[in-house]
Amino acid sequence: MQSKLLSFGLLAGTALAQTPPYFDPSSGVNLPATFDVNSTTPQFFVNGGVFARNATQSAPQLFLPANSTFPSNGTQPATFIILMVDPDAPSPQDNSRGEILHWLQPGVRLSRSIEPTAGPNGTQLAMLSATDTDTAAIVPYAGPAPPSVGPHRYIIMLFRQPGDDFELPDGFEQYDGGANRTLFNASEFVQAASLDAPVAATFFLVGNGTDGDGSLTYTGSDAAAGIGGNTTNPEGGSSTGGSNSSASGTASSSDAAETGAAATGTSTASGSAATQSGSGAEKLGVGALIGAVAGAMVLLG
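Here the structure is a predicted model, which is why all the values come from computation and not from measurement.

**Some points on the nonpolar core**
Here is step 1: Leu83, Leu104, Met157, Phe184 and Phe189 are the most contacted members of the largest nonpolar core, which has 29 residues in total.
Here is step 2: Those elements that provide at least two residues to this core are β4 (80-86), β5 (100-110), β8 (152-160), α1 (186-192) and β9 (200-206).

Shown next as structure tokens:
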């Protein structure tokens, strides 16, 4: 399993799952991430941190411990794929349109040209970037737009890319470019693309009306199973919804009209001293979304 190769410099607390409960694929290794991509002292959000929607509309910057070692891709350095999904569309109680595919970026490598950044617990972190390979996103980053008050889970996973080039596997061609993002299935995608388990992962929460900067976790009971006060153990061991399909649809008007604020908990995280500037989307070569796609995301998440 590729995640075992992260044998050096792992962040504290990685013994616990870094993906949400009952979600597959899962990872026990933390993927440090921040939306403070223009800050010289970025705050790395906690696993499961709650955000206000407007704080998450540009792609986050992702990192790995600077002393991580991986086998090379032939004569090239180790290359990775970023995958981000929302399994809670249109709401945690009705995930009939999930998963929503928010981001699919191949060609990502550890940057050796930028000085390491001090992360949580003083860990030295190396930035992940697609700049070296000049690889465009297969599905550009789309920020959260949840219609429900109950917060959605936005799960970011990092996989080893099996070769120098990556193409969508058979059965997933309809997602190319991001015009269609609904009814994605991360577990089936990983199998179809012959990917190993995630190298690392993290997730954050956003609801229609939530507030926060990612430093606090959620205590409400209206999120998905295993999150905050929702102690439900779903039958079948998975709370993910959706399947590999090209179908599309929208949430009900009542879902889209929901507003409100969510409760938060007490977990905190900190980070410092980033030397780079510019948005995470620019660093990872992510293009702008077309208006029609953005409109669909508002209705689903």
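**Some points on the pairing of β8**
Here is step 1: With nine of nine residues buried, β8 lies mostly within the body of the structure.
Here is step 2: Here β8 shows a buried face lined by His152, Tyr154, Ile156, Leu158 and Arg160 and a second buried face lined by Arg153, Ile155, Met157 and Phe159.
Here is step 3: Here six bridges tie β4 to β8, and the two strands are oriented antiparallel to one another. Residue pairing across strands places Met84 opposite Ile156, the latter belonging to β8.
Here is step 4: By the bridge criterion, seven bridges tie β8 to β9 in an arrangement that is antiparallel. Paired with Leu158 across the strands is Ala200, a residue of β9.

**A word on unusual backbone geometry**
Here is step 1: A cis amide bond, omega 0°, links Ala89 with the succeeding residue Pro90.
Here is step 2: Secondary-structure assignment places Pro90 in the loop between β4 and β5.
Here is step 3: Between Gly98 and Glu99 the backbone carries a cis peptide bond, its omega angle lying at 5°.
Here is step 4: Within the chain, Tyr22 stands out as a residue other than glycine whose phi angle is a positive 70°.
Here is step 5: By secondary structure assignment, the location of Tyr22 is in the segment before β1 (33-34).
Here is step 6: Of note in this structure, Ser194 is not a glycine but carries a positive phi near 55°.
Here is step 7: Residue Ser194 is classed as exposed on the basis of its relative accessible area, which comes to 57%.

The rules we used
Residues numbered from 1 in each chain as written. Predicted model: local features only at pLDDT ≥ 70, side-chain atom pairs only at ≥ 80, totals over all residues. Heavy atoms only, no water. Core = buried A, V, L, I, M, F, W, Y, C linked by side-chain atoms within 4.5 Å. Buried < 20%, exposed > 50% of the residue type's maximum accessible area, 1.4 Å probe, protein only. Helix = DSSP H or I, 4+ residues; strand = E, 2+ residues; numbered from the N terminus. Pairing = 2+ DSSP bridges.

Bear in mind that shape data such as this cannot, by itself, settle questions of function.
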